[in-house]
Amino acid sequence: MAKLNKNPEVLLEISRLRKEYDGVPALKDVSLKVTKHEALVVLGPSGCGKSTLLRCINGLEGIQAGEIKLDGRVISGEGTDWRLIRQKIGMVFQSYELFPHMTVLDNILLGPLKVQKRQRAEAEEAAKALLDRVGLYDKRGAFPRQLSGGQKQRAAIIRALVMEPELMLFDEITAALDPEMVREVLDVMLGLVQSGMTMIIVTHEMQFAKAAADQIVFMDGGEIIEETPPEDFFARPKTERGCRFLNIFQFE
Ligand SMILES: Nc1ncnc2c1ncn2[C@@H]1O[C@H](COP(=O)(O)OP(=O)(O)O)[C@@H](O)[C@H]1O
Ligand SMILES: [Mg+2]
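Here the residue index of a chain counts from 1 through its sequence in written order. Chain letters start at A and ligand numbers start at 1, both assigned in the order the entries are written. Where totals are concerned, whole chains, interfaces and linings use all residues; where local detail is concerned, this predicted model gives features only for residues with pLDDT of at least 70, and gives and counts side-chain atom pairs only at 80 or more. To obtain the side-chain values, all non-hydrogen atoms of the structure were used and water was disregarded.

Focus on the site of ligand 1
Defined as follows: Throughout, near means a residue has at least one heavy atom within 4 Å of the molecule or strand. Counting of polar contacts relies on pairs of N or O atoms within 3.5 Å, with two restrictions inside protein: one atom must be capable of donating a hydrogen and the other of accepting it, and residues adjacent in sequence are counted only when both atoms are side-chain atoms. Accessible surface is estimated by sampling points in the Shrake-Rupley manner with a 1.4 Å probe; for residues, cover comes only from the protein chains shown. Residue classes follow a fixed rule: Ala, Val, Leu, Ile, Met, Phe, Trp, Tyr, Cys and Pro count as nonpolar, while Asp, Glu, Lys and Arg count as charged, and any other residue, Gly among them, counts as polar.
Every residue close to ligand 1 is listed here: Tyr21, Ala26, Pro45, Ser46, Gly47, Cys48, Gly49, Lys50, Ser51 and Thr52. Here a nitrogen atom of ligand 1 and a side-chain polar atom of Tyr21 are 3.5 Å apart. Gly49 is positioned such that a nitrogen or oxygen atom in its backbone is 3.0 Å from an oxygen atom of ligand 1. Against a free-state accessible area of 560 Å², the protein chains account for coverage of 55% of ligand 1. Taken together, the residues that form the shell around ligand 1 break down as four nonpolar, five polar and one charged.

Structure (structure tokens):
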């Protein structure tokens with residue numbers, strides 16, 4: 001989507017990021033730019049650092065070196081108001097627990113009302129419009145236990161979107177779903193791509209990656225090995241590691 005834009009504005013800029021766990025590097029010298037309205041898909045084998053990268057971006061992990069900028073402002077240093085930044089950067093995980101004792105609508109309204117101090121009527125209207133958009137309007141009064149896995153993930157996406165984030169991070173959000181529910185969640189994601197949301201998506205769904213990505217980032221061993229448009233990456237990865245990774249998925 002961003003490809004059409006001749007002067008894309010950079011929303012997120014990561015420079016020379018290093019992240020260690022107990023002295024062991026999980027991310028080594030990672031640099032990356034995400035422009036507004038771009039859908040960046042991050043691929044790579046298990047343990048290569050994909051989740052760590054997303055967790056560093058919204059401050060769930062401290063970093064050892066480098067810099068992360070959102071909209072031109074450094075957010076990786078001291079004194080960052082993560083409460084504010086996390087309203088601008090929404091994240092959905094593989095299992096993003098909704099509060100079990102609250103209805104779908106109340107789960108979604110928690111952020112707008114308690115964190116953003118918005119008016120109930122306005123927030124509720126926004127929440128209902130989003131629920132309608134992902135086919136969950138009829139489930140607004142249901143409790144999480146009454147929802148399927150796919151419905152719960154769609155509600156979790158709405159819970160992030162209702163905060164009106166500038167950037168959305170998705171970490172393998174369909175990985176724990178039964179196959180018949182993967183499609184409905186990926187369709188919501190494709191709708192978001194089409195609406196121009198800026199997103200970083202970690203996934204193992206290769207057909208989806210091909211269809212949704214403006215840019216593919218392939219990681220291995222805590223490093224970005226390739227960064228290419230999807231048509232190039234899926235036709236012929238530049239690296240041997242990229243080829244090996246794609247071969248694993250060829251017989252799916
Ligand atoms: N909380 C943690 N403590 C120690 N090591 C971790 C922690 N989280 C991740 N790691 C390690 O960092 C590396 C990258 O992990 P991760 O980002 O989860 O990879 P991916 O999401 O690509 O599977 C792995 O070697 C993993 O074992
Ligand atoms: Mg992970």
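Let's pick the thread back up.
Here's the deal with the packing of helix α3 (residues 104-115) against helix α5 (residues 149-161)
Condition: An axis is simply a line fitted to the C-alpha atoms; with a helix, the fit covers only the stretch in contact. Between two such axes, the angle follows the N-to-C directions and lies from 0 to 180 degrees. Helix and strand labels come from DSSP, where a helix needs a run of H or I of at least four residues and a strand needs a run of E of at least two; each type is numbered from the N terminus. Should an angle lie under 35 degrees it is considered roughly parallel, over 145 roughly antiparallel, and from 65 to 115 roughly perpendicular; all remaining angles are considered oblique. We call a crossing left-handed when the near helix sits turned anticlockwise from the far one by less than a right angle, and right-handed when that turn is clockwise. Contact between two residues is taken to exist if any of their heavy atoms lie within 4.5 Å; hydrogens are not considered.
Where α3 contacts α5, the two axes come as close as 8 Å, and the packing angle between them is 30°. The angle between the axes of α3 and α5 places the two elements in the roughly parallel class. Handedness of the α3/α5 crossing: right-handed. For the pair formed by α3 and α5, the contact residues are Val104, Asn107 and Ile108 on the first element and Ala155, Ile158 and Arg159 on the second.

What to know about helix α9 (residues 240-249)
Here is the rule: Think of it in three bands: residues with accessible area under 20% of the maximum for their type are buried, residues over 50% are exposed, and the middle band is partly exposed, with areas taken using a 1.4 Å probe on protein chains only. Relevant arc is that of directions from the helix axis to the C-beta atoms, nothing else.
Restricting attention to buried positions, one finds in α9 the residues Gly242, Cys243, Phe245, Leu246 and Phe249. Viewed end-on, α9 has its buried residues packed into an arc of 165°, placing them on one side of the element. In α9, the exposed positions that point more than 90 degrees away from the buried face belong to Glu240 and Ile248. Its buried side turned inward, α9 meets β3 (39-43), α7 (206-212), β9 (215-220), β10 (223-228) and α8 (230-235).

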